[in-house]
Amino acid sequence: MIALTLATVAGCGGDDTTATAAISTASFCDDFMKQAPADRQSATVRIATEMGMQNPTSPEWLSTLEGRCSAAPDLKLGDFFNHFK
């Protein structure tokens, strides 16, 4: 009998949430914009939810954040969301 063990290696499939978990309210827009589009979406929903924003899964949050981050790469994500509180 042969036993085969499979392990997920970061970057080789599976659910690698390391990149999105590293993005937080203390992160700068520049770092946020370097993430893959799907990772930016996940991070946006997670942060909007953590900060108690209304309708945190709305795609409007991502598009507004990406637009603001393009104009202000040194903006912290927490400051962006606090503007809407």
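Before any of the text, the structure's been laid out above.
First, a word on scope: everything that follows refers to the structure included in this document. Within each chain, residue numbers correspond to sequence positions counted from 1 in written order. Thresholds applied to this predicted model are a pLDDT of at least 70 for local features of residues and 80 or more for the giving and counting of side-chain atom pairs; totals over whole chains, interfaces and linings are not thresholded and use all residues. The side-chain values count all of the structure's non-hydrogen atoms but skip hydrogen atoms and water molecules.

Some points on the overall build of the protein
Then comes step 1: Labels follow the DSSP assignment, with helices taken as runs of H or I lasting at least four residues and strands as runs of E lasting at least two, numbered in each case from the N terminus. A count of helical and extended segments in the protein gives five helices and zero strands.
Then comes step 2: Counting from the amino terminus, helix and strand elements in the protein follow one another as α-α-α-α-α.
Then comes step 3: We call a residue buried when its accessible area falls under 20% of the maximum for its residue type, exposed when it is over 50%, and partly exposed in between, using a 1.4 Å probe and counting protein chains only. When each of the 85 residues of the protein is scored for burial, the buried share is 31%.
Then comes step 4: The contact definition used throughout considers only heavy atoms, calling two residues in contact when any of these lie within 4.5 Å. Considering only residue pairs separated by 6 or more positions, the protein has 51% of its internal contacts joining residues 24 or more positions apart.

Here's the deal with the packing of aromatic side chains
Then comes step 1: Each Phe, Tyr or Trp ring, with Trp reduced to its six-membered ring, pairs with another whose centre is within 6.5 Å; inter-plane angles below 30 degrees give stacked pairs, above 60 give edge-to-face pairs, and intermediate values give tilted ones. Counting across every chain of the model gives five aromatic pairs.
Then comes step 2: Taking the centre distance of 5.4 Å and the plane angle of 45° together, the rings of Trp 61 and Phe 81 count as tilted. Taken together, the residues span a long stretch of sequence, with Trp 61 in helix α4 (residues 59-71) and Phe 81 in helix α5 (residues 77-82) at a distance of 20 residues.
Then comes step 3: Residue class for Phe 81 comes out buried when judged on its relative accessible area of 0%.
Then comes step 4: When the ring of Phe 80 is compared with that of Phe 84, the centres are 5.2 Å apart and the planes differ by 65°; the resulting orientation is edge-to-face.
Then comes step 5: Accessibility expressed as a relative area gives 4% for Phe 80, which makes it buried.

A word on the side chain of Gln 35
Then comes step 1: Turning to its location among the elements, Gln 35 is positioned in the loop between α2 (29-33) and α3 (37-50).
Then comes step 2: Assessed through its relative accessible area of 18%, Gln 35 is described here as buried.
Then comes step 3: Side-chain atoms alone can form a polar contact between residues adjacent in sequence; in general such a contact is a pair of N or O atoms within 3.5 Å, and within protein one must be able to donate a hydrogen while the other accepts it. A polar contact is formed between the side chain of Gln 35 and the backbone oxygen of Asp 31, at a distance of 3.4 Å.

A short note on unusual backbone geometry
Then comes step 1: In this structure, Asn 55 is a non-glycine residue whose phi angle is positive, near 55°.
Then comes step 2: Among the structural elements, Asn 55 can be located in the loop between α3 and α4.

Things to note about the nonpolar core
Then comes step 1: To define a nonpolar core, start from buried Ala, Val, Leu, Ile, Met, Phe, Trp, Tyr and Cys residues and group those joined through side-chain atoms within 4.5 Å. Counting 17 residues, the largest nonpolar core has Phe 32, Leu 65, Leu 77 and Phe 81 as its most contacted members.
Then comes step 2: Every element with two or more residues in this core is listed here: α2, α3, α4 and α5.
Then comes step 3: Ranked by the residues each element gives to this core, the list is headed by α4, at four residues.
Then comes step 4: Setting aside residues no more than four positions away along its own chain, Leu 65 makes contact with Phe 32, Thr 44, Leu 77, Phe 80 and Phe 81.

A word on the environment of Leu 75
Then comes step 1: Residue position: Leu 75 is located in the loop between α4 and α5.
Then comes step 2: Once the C-alpha coordinates of Leu 75 and Cys 29 are considered, the two residues, 46 residues apart in sequence, prove to be 5.5 Å apart.
Then comes step 3: Beyond its immediate chain neighbours, meaning those up to four positions away, Leu 75 contacts Ser 27, Phe 28, Cys 29, Arg 68 and Phe 80.

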